[in-house]
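Given next are the chains, with one letter for each unit.
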Amino acid sequence: MRITDLLEVGSIELKGTPRSKKEALDQMVDLMVKSGKISDTEAYRKLVYAREEESTTGIGEGIAIPHGKGDSVKAPGLSAMVVPGGVEFDALDGEPVELLFLIAAPNTEDNIHLDVLSKLSMLMMDEGFINDLKKTESPEEFLKVIDLAESKKDEETSQAVATETSAKGQFKILGVTSCPTGIAHTYMAAEGIEKAAKKRGCFVKVETRGSGGAKNVLTEEEIREADCIIVAADAQVPMDRFDGKRVIECPVSDGISKGDALVEQALSGNAPIYKGSGAATAQATKGKGSIGHQIYIQLMNGVSHMLPFVVGGGILIALAFLIDGLSVDMNALSAEARGNFGSITPVAKLFKDIGGVAFGFMLPVLSGFIAMAIGDRPALAVGFVGGMIASGGKSGFLGALVAGFVAGYLIVLLRKACDKLPQAIEKIAPVLIYPVVGILFIGLFMNFAVEPVMGGINTALNNGLTSMGDSSKLILGGLLAAMMAIDMGGPFNKAAYVFGTASIASGNFDVMAAVMIGGMVPPCAIALATILFKNKFTKEERDNGPMNFIMGLAFITEGAIPYAAADPIHVLPSCMIGSGVAGALSMLFNCTLMAPHGGIFVVPVVGNALLYLVALVVGTIVSAVLLGTFKKKVEA
């Protein structure tokens, strides 16, 4: 299907005057409606808005390609608008947008809008094409410019296919492009690499791994005959197939803006030989970009794999508390029975046990996949062992973070060392040397370096809290609550919780109330922040954010761990301050709690329950506002 098959004269505006991004989208939708391809205008408008909330479709260079796919679209369509002088659109490069294309796609499985979007994205790489569109004086002329450019592109593609078999003697460059959303940047990077390679007389073929799946997939024969492979990606791509080939790895943005430099590097032969590890996939940008960007990608590899365990286990545990809360009278229970809240009834115990198993995998998975992002598959087992030691010991999720990075770089060092061994021994390294030496080292490191330090911190904290138990209750409540948010399961959190449960035995029920509210604030605050400050969180974080309301209200602080692990510098201080405020208010309101757990499900037995909820709301709002203030905007 051609672009001009989807775009009609009545859906083109050459003198657009929107004053904002919203007005621009509304005018584009109105142009689309004129084509008669929309059955429900408002439903389609919501689809376009929803897509824009995921990440901006302003791809830079004065161009935006918004789109919507759903049941409100009767047939595929396009609308277009030129905005002389431009309109602010939150584009990736921060520049005003002058040219907009809106895509409408029916809710079918053929992904027609992605195919059209790929064509548009490639044409947009031609500055002459963009200038020609802006200069048109009639919709008919606008369509003619597109038709000519598309015909030229199709002809170039046909010629490339026709000459593919006669490419002997040419320098052969292959490429792979992929971006996190798998839409415009994927295809623009492919076009950038293709143009630069053809300009130097090279044979080129680029595999695009977009939202519609992998297209133009590289064959084994093509890879075998390639002189160099350029991988421009910010997402996971299969890499082991390039074992032994010269490979240039870079961010997807380099494929768009630095195509000439990448091709020059490929022609110079100054590209490293890629060495596969047997892993199914590898992070294409591993080892590239700034150190901070590398660490972020490695962290997110662990966080994204850990998230299902947190959500699944946390919700099941919350249900266990709900079942017990509806089934038993807390006031009639003994202190020992209250300590088993969540496991009193058989059904609740079953839910809590299953959720507990899922939670048990949380830190090993975090550590293991951080390690894998650094050292590929050989590092996975080493990271898992380090995370398991942290989970069963005193170091908690902070220890698991340390274990993940140490395990990953340990395998990197072992691989370099094994490169110097005889080939026969080198071959057995992944199945013998890496796991044995790696697991032994990480075990010794965790047991003799990390755990003793964390254990000493834990003991010191308990002693310090005990010594100040009779001092100002406001300070004590705020401090204990803030400690619950420092490491969310580590020594600080455990010290505060142990002190709170011990206070129940001595009759200081106000201390336990402050401790629990401190653990409830972080997940609740993150859930609220993902709703109020959408541009500060990734799409995955926004989608999972509301789940934290359930975990926070159930006193499951661990729901906040993925967000803290991804951005500890901004998340932890924000949560600590909000928790501290909530804990201090709990003390100020003389709130009490006789149960060591349960969250919202034990509020009926909380002393001054209404004020306790007020303290929770205030602490949550404080942390959420701080998160929205301190966290940086997420780049698409």
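Residues numbered from 1 in each chain as written. Predicted model: local features only at pLDDT ≥ 70, side-chain atom pairs only at ≥ 80, totals over all residues. Heavy atoms only, no water.

1. Thoughts on unusual backbone geometry
Alright, step 1. A positive phi angle is found at Asn216, which is not glycine, with a value near 60°.
Alright, step 2. In this structure, Asn216 sits in the loop between strand E9 (213–215) and helix H8 (220–225).
Alright, step 3. The phi torsion at Asp376 lies on the positive side, around 65°, for a residue other than glycine.
Alright, step 4. Mapped onto the elements of the fold, Asp376 is located in the loop between helix H14 (362–375) and helix H15 (378–392). (Helix = DSSP H or I, 4+ residues; strand = E, 2+ residues; numbered from the N terminus.)

2. A few points about the packing of helix H19 (residues 473–486) against helix H21 (residues 509–532)
Alright, step 1. One way to put it is that H19 packs onto H21 with a least axis distance of 7 Å and a crossing angle of 40°. Classified by the interaxial angle, the pair formed by H19 and H21 is oblique. In this structure, H19 crosses over H21, and the sense of that crossing is right-handed. On the side of H19, the interface is formed by Lys473, Leu476, Gly477, Leu480, Ala481, Met484 and Ala485, while H21 contributes Asp510, Val511, Ala514, Val515, Gly518, Gly519 and Pro522.
Alright, step 2. Tallied by class, the residues present in the contact of H19 with H21 amount to nine nonpolar, three polar and two charged. (Axes fitted to C-alpha atoms, helices over the stretch in contact; angles between N-to-C directions. Parallel < 35°, antiparallel > 145°, perpendicular 65-115°, else oblique. Left-handed = near helix turned anticlockwise from the far one by under 90°. Contact = heavy atoms within 4.5 Å. Nonpolar A, V, L, I, M, F, W, Y, C, P; charged D, E, K, R; others polar.)

3. Section: the side chain of Thr186
Alright, step 1. Within the secondary structure layout, Thr186 lies in helix H7 (residues 184–199).
Alright, step 2. Discounting residues that sit within four places of it in the chain, Thr186 has contacts with Thr177, Ser178, Cys179, Thr208, Arg209 and Gly210.

4. A closer look at the confidence of the model for the protein chain
It should be kept in mind that the predicted coordinates are not to be read in detail where pLDDT is low.
Alright, step 1. Taken residue by residue, the protein chain gives an average pLDDT of 82. The fraction at 70 or more is 85%.
Alright, step 2. Within the protein chain, the element-level pLDDT minimum falls on strand E13 (residues 282–283), averaging 41, and the maximum on helix H26 (residues 609–630), averaging 94.
Alright, step 3. Scored below 50 in pLDDT, residues 278–288 shows 39 contacts in the model against residues more than four places distant or in partner chains. (pLDDT = per-residue confidence, 0-100.)

5. Quick word on the packing of aromatic side chains
Two numbers describe a pair of aromatic rings. These are the distance of the centres and the angle of the planes.
Alright, step 1. Taken as a whole, this structure holds five aromatic pairs when the rule is applied.
Alright, step 2. Plain terms: the ring middles of Phe101 and Phe142 are 6.0 Å apart, the flat faces sit at 40° to each other, and that makes the pair tilted. Taken together, the positions of Phe101 in strand E6 (residues 97–106) and Phe142 in helix H6 (residues 139–162) put the pair 41 residues apart, joining distant regions of the chain. We note that Phe101, like Phe142, is buried. (Phe/Tyr/Trp six-rings, centres within 6.5 Å; stacked < 30°, edge-to-face > 60°. Buried < 20%, exposed > 50% of the residue type's maximum accessible area, 1.4 Å probe, protein only.)

6. Thoughts on the pairing of E6
Alright, step 1. Of all ten residues that make up E6, nine are buried, and the element is covered over most of its length.
Alright, step 2. In this structure, strand E3 (residues 63–64) lies alongside E6, joined through two bridges in parallel fashion. Bridge pairing in E6 links Ala64 to Leu100.
Alright, step 3. The pairing of strand E4 (residues 67–70) with E6 spans four bridges and is parallel. From the neighbouring strand, His67 faces E6, where its bridge partner is Ile103.
Alright, step 4. Where strand E5 (residues 77–87) meets E6, seven bridges bridge the pair, whose relative direction is antiparallel. Following the sheet pairing, Val87 is matched in E6 by Val97. (Pairing = 2+ DSSP bridges.)

7. Overview of the pairing of strand E10 (residues 228–233)
Alright, step 1. With six of six residues buried, E10 is to be regarded as a mostly interior element.
Alright, step 2. Every second residue of E10 is oriented toward a common face, with Cys228, Ile230 and Ala232 on one face and Ile229, Val231 and Ala233 on the other, all of them buried.
Alright, step 3. Bridge count for strand E7 (residues 172–178) against E10 is six bridges, and the pairing is parallel. The residue of E10 that forms the bridge with Thr177 is Ala232.
Alright, step 4. Relative to strand E12 (residues 247–250), E10 runs parallel, the two sharing four bridges. Looking across to E12, one finds that Ile229 is bridged to Val247.

8. As for the pattern of salt bridges
Alright, step 1. This structure, assessed with the given rule, holds 17 salt bridges.
Alright, step 2. A salt bridge links Asp260 to Lys199; the shortest N-O distance between them is 3.2 Å. Highlighted residues: Asp260 in helix H10 (residues 259–268) and Lys199 in helix H7, separated in sequence by 61 residues.
Alright, step 3. Assessed through its relative accessible area of 60%, Lys199 is described here as exposed.
Alright, step 4. Note that Asp567 is salt-bridged to Lys631, the shortest N-O span being 3.0 Å. Here Asp567 is found in the loop between helix H24 (561–566) and helix H25 (568–588), whereas its partner Lys631 is found in the segment after H26, with 64 residues between them in sequence.
Alright, step 5. The exposure class assigned to Asp567 is buried, which follows from its relative accessible area of 16%. (Salt bridge = Lys/Arg side-chain N within 4 Å of Asp/Glu carboxyl O.)

9. Structural notes on the environment of Gly77
Alright, step 1. The residue Gly77 is located in strand E5 in this model.
Alright, step 2. Residue class for Gly77 comes out buried when judged on its relative accessible area of 0%.

10. A few points about the nonpolar core
Alright, step 1. In terms of nonpolar packing, the biggest core is built from 89 residues, with Leu366, Phe397, Met488 and Met516 touching the most fellow members.
Alright, step 2. At 13 residues, the largest contribution of residues to this core is made by H21.
Alright, step 3. Beyond its immediate chain neighbours, meaning those up to four positions away, Leu366 contacts Gly302, Val303, Met306, Ala400 and Leu401.
Alright, step 4. One finds Leu99, Leu120, Phe142 and Leu143 within the second-largest nonpolar core, a separate group that totals 27 residues. (Core = buried A, V, L, I, M, F, W, Y, C linked by side-chain atoms within 4.5 Å.)

11. Some words on H14
Alright, step 1. With 14 residues, H14 ought to run about 20 Å at 1.5 Å a step, and its terminal C-alpha atoms sit 20 Å apart, in line with that.
Alright, step 2. Taken across its 14 residues, H14 has 14 buried, putting it largely inside the fold.
Alright, step 3. Among the residues trailing H14, Asp376 stands out with phi positive, at a value near 65°. (Expected span 1.5 Å × (residues − 1).)

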